[in-house]
Amino acid sequence: MLYAILFPMAGHVHVFNLFRYITFRAGGACLTALIISFWAGPRVIRYLKSVQRHGQPIRTDGPERHLIEKKGTPTMGGVLILIAMGLSTLIWADLHNGYIWGVLLVTFGYGGIGFADDFLKLTKRNTKGVPGRVKLVAQAGIGLVAAVWMTRLMPAPLGSELALPMLKNVLIPFGIFFPLVAMFVMMGASNAVNLTDGLDGLAIVPTMIAAAVFGLIAYLVGNKIFAGYLEINFIPGSGELTVFLSALVGAGLGFLWFNAPPAAVFMGDTGSLSLGGALGAVAVATKNEIVLAIVGGLFVVETVSVIVQVFWYKRTGRRVFLMAPLHHHFEKKGWAEPTIVIRFWIIAMILGLVGLATLKIR
């Protein structure tokens, strides 16, 4: 919005020339989202508490202390993230950019699915929510529409190929089936973040780390000079996603202020599904789908732990982990919640650096 209003005036007021720079607008987006979060946070939390007298339903088969320590805490805090991130993006991004709208479609579409899921959990007072198949079909529909939209924005033949990190000149052609691949990337990322969201602050910080890494990736991929130097695929216009991802980081920091242990609010599926979907959509738009699996490796491990647990239990009647996802396994082993959360943050930071390193390795 500001870009469209103020940049054309740069010829008359030189300072407005700053709005042509993605880095300047990214910084503004991050700060704006943070301020909105701080201002709106207490108001959103008060409202959520007023309409959720008993807070988020707690799993009865989970760690016993959750039934005491987390009882009565409101959920749907992802609304705060979406408000801050959405408004900041609309203020600072170039709204003529198609990638921005494609990523916003996935973010708010998946956020709507999560909102419905949280709402049903609260009204029915159980942990089931929207039936799994319905949720997956809705995610698939939104993801497929966004995938078709974004791949058509890309230069041929990149829109139909999968890039491999470190193998700079290797592209796997999927042709007309690539939107299906992109759809699964978005769905996988969304549900992986959702599975990771089980402890105070556990999901939001790795999400911010991944967003910061992909903010840099988007900037490099969208810059012809940097892309050429690093021998990565140049995607014209994708650099604008740096503004969106900076807004996500700012909104995430603001949410963490209220979600830090002991949490005053949980993000719920409203937040986790939307944030994961956002990361998946950005990975598709920047042609770094596999790099997302590295940068978001923590989410991948959490998801794999659930898959292994379910598969092995159905096959043998025994459990591999004391409880899945993996963070609950360590809780059952007696680790303190802050210990688990901070160690997982450290792992997420290491994986983020590894993901960045793949851009330079030849």
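What comes next is a walk through the structure. None of the values given here were measured: they were computed from a predicted structure. (Residues numbered from 1 in each chain as written. Predicted model: local features only at pLDDT ≥ 70, side-chain atom pairs only at ≥ 80, totals over all residues. Heavy atoms only, no water.)

## Here's the deal with the packing of helix α8 (residues 204-221) against helix α15 (residues 337-357)
- Two elements in contact, α8 and α15, have axes separated by 9 Å at closest approach and are oriented at 15°. Taken together, α8 and α15 sit at an angle that is classed as roughly parallel. Between α8 and α15 lies a crossing of right-handed hand. Within the contact between the two elements, α8 uses Val205, Pro206, Ile209, Val213, Leu216 and Ile217 and α15 uses Trp345, Ala348, Met349, Gly352 and Leu356. (Axes fitted to C-alpha atoms, helices over the stretch in contact; angles between N-to-C directions. Helix = DSSP H or I, 4+ residues; strand = E, 2+ residues; numbered from the N terminus. Parallel < 35°, antiparallel > 145°, perpendicular 65-115°, else oblique. Left-handed = near helix turned anticlockwise from the far one by under 90°. Contact = heavy atoms within 4.5 Å.)

## Things to note about the packing of helix α6 (residues 132-153) against helix α11 (residues 268-285)
- Close contact between α6 and α11 brings their axes to 11 Å; oriented N to C, the two are set at 30°. Here α6 lies roughly parallel to α11, going by the angle between them. The interaxial crossing formed by α6 with α11 has right-handed handedness. Residue-level inspection shows Lys135, Gln139 and Met150 of α6 in contact with α11, the latter providing Asp269, Leu273, Ala281, Val284 and Ala285.
- Among the residues making up the contact of α6 with α11, the classes are represented as five nonpolar, one polar and two charged. (Nonpolar A, V, L, I, M, F, W, Y, C, P; charged D, E, K, R; others polar.)

## Some thoughts on the side chain of histidine 329
- Relative to the helices and strands, histidine 329 is located in helix α14 (residues 326-332).
- Residue class for histidine 329 comes out buried when judged on its relative accessible area of 13%.
- Residue contacts for histidine 329: discarding those within four places in its chain leaves Phe321, Leu322 and Met323. (Buried < 20%, exposed > 50% of the residue type's maximum accessible area, 1.4 Å probe, protein only.)

## Considering α11
- The terminal C-alpha atoms of α11, which comprises 18 residues, lie 26 Å apart, in line with the 26 Å expected from a rise of 1.5 Å per residue.
- Summarising burial for α11: 18 of the 18 residues are buried, a large majority.
- The positive-phi residue at the C-terminal boundary of α11 is lysine 287, with phi of around 60°. (Expected span 1.5 Å × (residues − 1).)

## Observations concerning the environment of alanine 26
- Residue position: alanine 26 is located in helix α2 (residues 22-51).
- Residues in contact with alanine 26, not counting those within four places in the same chain, are Thr242, Val243 and Ser246.

## Side note on the pattern of salt bridges
- Taken as a whole and judged by the stated rule, the model has six salt bridges.
- Between arginine 25 and glutamate 240 there is a salt bridge; the shortest N-O distance is 2.3 Å. Linking arginine 25 in helix α2 with glutamate 240 in the loop between α9 (224-230) and α10 (241-259), this pair joins segments that are 215 residues apart in sequence.
- Taking the relative accessible area as the measure of exposure, arginine 25 reaches 2% and is therefore buried.
- Given a relative accessible area of 7%, glutamate 240 falls into the buried group.
- When the shortest N-O distance is used, the salt bridge between aspartate 269 and lysine 135 registers 3.7 Å. Of this pair, aspartate 269 sits in helix α11 while lysine 135 sits in helix α6, and the two are 134 residues apart along the sequence. This pair shows no difference in class: aspartate 269 is buried, exactly as lysine 135 is.
- Because the salt bridges share partners, they merge into one network encompassing Asp117, Lys121, Lys135 and Asp269. (Salt bridge = Lys/Arg side-chain N within 4 Å of Asp/Glu carboxyl O.)

## Here we look at the packing of aromatic side chains
- Per the counting criterion, the structure on display carries six aromatic pairs.
- Ring centres of phenylalanine 330 and phenylalanine 344 lie 6.2 Å apart, and the angle between their planes is 85°; on these two criteria the pair is classed as edge-to-face. Taken as a pair, phenylalanine 330 in helix α14 and phenylalanine 344 in helix α15 lie far apart in primary sequence, 14 residues in all.
- We classify phenylalanine 330 as buried; its relative accessible area is 18%.
- One aromatic cluster is present, formed by Phe330, Trp335 and Phe344 through successive ring pairs.
- Looking at arginine 20, its charged tip hangs above the ring of tyrosine 21, at a distance of 5.5 Å from the centre.
- Just above the ring of tryptophan 335 sits the side chain of arginine 343; from NZ or CZ to the centre is 4.8 Å. (Phe/Tyr/Trp six-rings, centres within 6.5 Å; stacked < 30°, edge-to-face > 60°. Lys NZ or Arg CZ within 6 Å of the ring centre and 35° of its normal.)

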